[in-house]
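# Geometric and topological summary
Okay, here's what each chain looks like letter by letter:
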Amino acid sequence: MKFNAAELTRTEALLFSGALGTQLQAFGLPPGQLPEMWNLTHPREVTRLHREYIDAGARVIETNTFGANRMKYPNNLEEIIAAAVANARRAVAESGRRDCFIALDIGASGKLLEPMGTFPFEDAAALFRETAALGAKHGVDFILIETMTDALEAKAAVLGAKEGAPDLPVCCTLAFETNGRLLTGATPAAAAVLLEGLRVDALGVNCGAGPRHAARLLPEMLANVRCPVICVPNAGMPRVENGKTVFDLAPDAFAAQMLEIFESGAAILGGCCGTTPAHIAALANCLRGRRPPKRDVLRVPRIASATEVVAFAEKPVLIGERINPTGKPTFQRALRAGDLEAIENAARAQYEAGAQVLDINVGLPDIDETAMMLRAVRRVEQAVPIPLQIDSNTPDVLEAGLRSYGGKALINSMNGKAHSMKTVLPLVKKYGGVVVALLLDENGIPPDVEGRLAIAERIYKEAAAYGLGKEDILIDALTLTVSSEPTSPAVTLEAVRRIREMGGWTVLGVSNVSFGLPRREGVNAAFFTLAMQAGLSAAILNPNAEAMMTAYRSYCLLNGMDRGAEDYIAHANTLPASAAATARPQTAAPPGDSAVPHSPLAAAILAGRTEAAEAQTQSLLQSVPPMDILQKELLPALDAAGKGFAAGTLFLPQLLRGANAAKAALALVQQRIRQSGGEAPPRAKIVLATVHGDIHDIGKNIFKTLLETYHFAVVDLGKDVPPEAVTAAVLEHNAPLCGLSALMTTTVPAMEATIRLLREKAPRCKVLVGGAVLNQAYADAIGADCYCPDAMAGVKACERLTAEAG
């Protein structure tokens, strides 16, 4: 029996097993010991736990391999995976059940991927590829990737798993923060659209703060994807009771809350940290005899950045065309010089003018287009929150851009030629995305509507052979120049109308219509309006062209797409006429606070523009004392970014970009101070460590970056650090502060042991703790001085503790 999530959930819920780590601790797993090693040293206990979940009603058994990868187990990875699969198979055989599946459980790498971190995307993909290949070799039924906190790492994991185990289905679940986003800022909707584009069998959420927290996340996923949705939350939040870690929700309460989630549309359910066989049994009892509700998800093209989903539904979508060297000598020179600042400037200008998607084309004959595409995609997706369109005539360039992009992109383009479809459609299938398909073939561009529709039909038929639907394609009916082809606009508009009647979606490069004519703006705007009236789904245009934006907003207003005329009024009445096309506040604008500095340096830091921050600092150093720059410019700008992060107007990627820009400025300030014979002493020294048994150091590394930017001296001990080593470092450096991090529930006892030793050996040291499994009550119970829900809160706590200590 092959695993197929859609088929298995057609008439009933599919039940996963519950927690492994916390249950193995109940079986005797010592604090700090690696759970995966028990596959070898305690196979009977692992098999017994699997069997208990099967007897409770679970049909999917997850192997005890959450942390099994080559970084953590360089010498015996295959031995551990083979034993883990054998233990699960033994439990299924002993149960006598014939309807169970074995999932190879794969957790996060524990590293933050570039550009926010230092772990290369391809290294991450290779790590997951190897683990998945070993799982396939030893006979698992499918791959389950779980507890992903970064959408880009989730993408690397899915691609790696599909490449390592191409014959196995892949499912993926994500662990969201209490603010409803992934650690790196992705929304549930955007992450779900990305994963469905990668053709996962099912997707959803796991871990977190319990079913109520998951229930707030799932509606976004359920509304944007058609594949089955998974919900595997913790049994509430942990706390310490009589010296033991317990969770809030008893089995019956957990099951009751999960039943509500099932009735909302999530058909694959299970439990994460704190859940037991009793929780799964209660859930199975609640679900018995119930059919999953029918979900009716609008079938339209969807693309996504890390934070925004763009659906090609009723309202036309605007695609900015200005990141393209064609006919732009200045931009060509910038590309040849590797000037990414010019690319970022063009991206910001179009975003601020109202573009909802940005086209990126860096094709020049005398540059390495693949390398430049990778750099441009990374720079632009950091600078603006909207999705991208990867644009190249070279398949290798398209693939490079699609592979590394942290979202689901538009793909520009292919056409009706057999070679083009054969080359590009496999990329669409593998990497997700919506492809722009031009209505031309080996015979050129048909002059009539019927000829163009025939090509569209061939494109749809060929796409279906790859498992792609009409919602994966935007048909470009092709805009030809009216001055040379007087009847062409009418043909194009009729083709657009007919394709919409066929159930397809369309896109046009609008401004081509007026090529060679004087005063082109009026012609472009008129043609754009006619195209929208014909059903155009998207337009590739210059969003800084006021006539085009006025035509767009007027059309939306007159067709009931601008409720209360809010958009039209906001951009026609409240701004000067020359700026009427501006659609958004400038991306460099700081969050609203009268204390925020409004200098160019502060603006550069808040926008995360390192080159601009360096240039502004160099300029200020000509006339302003360096300590004044530090105290009156850098730190207030960082504080403003911190307030934006706390308020939910800035997210981790922007916060880290701002920190890196401030770091570059700070380095110049410190250099000038040293040249003057002085030194800017750090605020205080802090020792950081991920606790013994835990290899996940993403949160710690983010905290370190922000602390260094705020001018603290950091001693970073790394990950999996024993209590004795932490204490020795605090004593050696006479550090007044110590920060401890843990991601896994099973490693919190090691955090408590470290705090106990610090209290004994270094009682004056203040201990800050953070991690996904912690909360204030838990931190208090294990004796921490301060609980830090995120890295920025940790910085503020360090400032407060330092001030209190004088």
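Located above this text is the structure these notes cover.
Model, not experiment: these values are computed from the prediction. Along each chain, residue indices are assigned from 1 in the same order as the chain's sequence is written. Where local features are concerned, this predicted model is filtered to residues with pLDDT of at least 70; where side-chain atom pairs are given and counted, the filter is 80 or more; whole-chain, interface and lining totals use all residues. Hydrogens and waters are ignored; side-chain quantities use all the structure's heavy atoms.

### Description of the overall build of the protein
Starting at the N terminus, helices and strands are each numbered in turn, a helix being any DSSP run of H or I of at least four residues and a strand any DSSP run of E of at least two. When helices and strands are tallied, the protein shows 30 helices and 25 strands. Relative to the 2.2 N^0.38 estimate, which gives 28 Å for 806 residues, the radius of gyration of the protein is 28 Å and therefore close to what a compact globule would have. Dimensions of the protein, computed from the C-alpha atoms along their principal axes, are close to 85 × 75 × 50 Å. Whether two residues are in contact is decided by their heavy atoms, any of which lying within 4.5 Å being enough. Restricting to contacts in the protein with at least 6 residues of sequence separation, those with at least 24 account for 75%. Of the roughly 30,800 Å² of accessible surface on the protein, 52% is carried by carbon and sulfur atoms. Computed over 77 positive and 85 negative side-chain charges, the separation of the two mean positions in the protein equals 1 Å. In this treatment the radius of gyration is a C-alpha quantity, and the globule benchmark scales as 2.2 Å times the residue count to the 0.38 power. Only the protein chains shown count as covering a residue, and every accessible area follows the Shrake-Rupley method with a 1.4 Å probe. Neither His nor the chain ends contribute to the count of charged residues, in which Lys and Arg are positive and Asp and Glu negative. Charge coordinates come from a single atom per side chain, which is NZ of Lys, CZ of Arg, CG of Asp or CD of Glu.

### With respect to the sheet that holds strand β4 (residues 142-148)
Strand pairing in a sheet relies on backbone hydrogen bonds. The paired strands run either parallel or antiparallel. Only strands that DSSP links by at least two bridges are regarded as paired with each other. The 8 strands lie next to each other as β1-β10-β7-β6-β5-β4-β3-β2, forming an open sheet whose pairing is parallel. For this open sheet the edge positions go to β1 (14-15) and β2 (60-62), each flanked by a neighbour on one side alone. Sheet strands in contact with helix α10 (residues 251-264) are β7 (229-233) and β10 (268-269), and its direction is about 165° off that of β7. Interaxial angles span 0 to 180 degrees and are taken between N-to-C directions of axes, which are lines fitted to C-alpha atoms, for helices over the stretch in contact.

### Regarding the pairing of strand β20 (residues 538-541)
On a regular strand, each side chain points to the face opposite its neighbour's, so the side chains alternate between the two faces of the sheet. A simple rule labels every residue: compare its accessible area, found with a 1.4 Å probe on the protein chains alone, to the largest value its type can have, and call it buried under 20%, exposed over 50%, or partly exposed in between. Residue alternation in β20 divides its side chains into two sets, A538 and I540 and A539 and L541, and both sets are buried. Examined bridge by bridge, strand β13 (residues 317-323) and β20 share 4 bridges and lie parallel to one another. Within the sheet, the bridge partner assigned to I319 lies in β20 and is I540. Pairing of strand β19 (residues 506-509) with β20 involves 3 bridges; the strand directions are parallel. Within the sheet, the bridge partner assigned to G509 lies in β20 and is I540.

### As for the sheet that holds strand β25 (residues 786-787)
One open sheet holds the 5 strands; their spatial order is β22-β21-β23-β24-β25, and the pairing between them is parallel. Looking at strand neighbours, the two that pair on one side only are β22 (713-716) and β25, the edges of this open sheet. Bridge count between strand β23 (residues 737-741) and strand β24 (residues 766-770): 5 bridges; the pairing is parallel. Bridge pairing in β24 places C738 opposite V767. Against the sheet, helix α26 (residues 698-709) engages β21 (685-690), β22 and β23, with an angle of about 165° to β21. Set on the sheet, helix α30 (residues 791-804) makes contact with β21, β23, β24 and β25; between it and β24 the angle comes to about 170°.

### Concerning the pattern of salt bridges
By salt bridge we mean one thing: a side-chain nitrogen of Lys or Arg within 4 Å of a carboxyl oxygen of Asp or Glu. Evaluation of the coordinates by the stated rule reveals 43 salt bridges. A salt bridge links R59 to D99, with the nearest nitrogen and oxygen atoms 3.6 Å apart. With R59 in the loop between α4 (43-56) and β2 and D99 in the loop between α5 (77-95) and β3 (101-106), the pair connects residues that are 40 residues apart, well separated along the chain. For R59, a relative accessible area of 12% gives the class buried. The exposure class assigned to D99 is partly exposed, which follows from its relative accessible area of 26%. A single network of salt bridges, built from pairs that share partners, joins E341, E344, R348, R379, R609, E611 and R657.

### Describing empty space enclosed by the protein
Here the term cavity refers to a set of points on a 1 Å grid, laid over the protein atoms alone, in which a 1.4 Å probe fits but cannot get out; the term pocket refers to an open set having protein on both sides within 12 Å along at least five of seven lines, with lining residues being those that place an atom within 4 Å of a point. Grid points are joined across faces, edges and corners, and a volume is the space filled by probe spheres set on the points. All told, the structure shown has 5 cavities of 30 Å³ or more when counted by the stated rule. Estimates place the volume of the largest cavity at around 370 Å³. If you trace the largest cavity, you find 24 residues lining it, with G21, F66, E146, C272 and C273 closest to the centre. For the lining of the largest cavity, the secondary structure elements donating two or more residues are α2 (21-26) and β4. Each residue gets one label: Ala, Val, Leu, Ile, Met, Phe, Trp, Tyr, Cys and Pro are nonpolar, Asp, Glu, Lys and Arg are charged, and the others, such as Gly, are polar. Classifying every residue of the lining of the largest cavity gives 11 nonpolar, 9 polar and 4 charged. Estimates place the volume of the second largest cavity at around 50 Å³.

### Some remarks on the nonpolar core
For our purposes a nonpolar core is just a set of buried Ala, Val, Leu, Ile, Met, Phe, Trp, Tyr and Cys residues, chained together by side-chain atoms within 4.5 Å. Counting 187 residues, the largest nonpolar core has I143, I145, L174, L269 and F528 as the members making the most contacts within it. Per-element tally for this core: the top contributor is helix α7 (residues 151-164), with 8 residues. Setting aside chain neighbours within four positions, we find L174 in contact with M148, A154, L182, A191, L195, G204, V205, N206 and M221. Core analysis: the next-biggest nonpolar cluster, separate from the first, contains 50 residues, I605, L606, A665 and Y710 among them.

In short, geometric facts, not functional conclusions.
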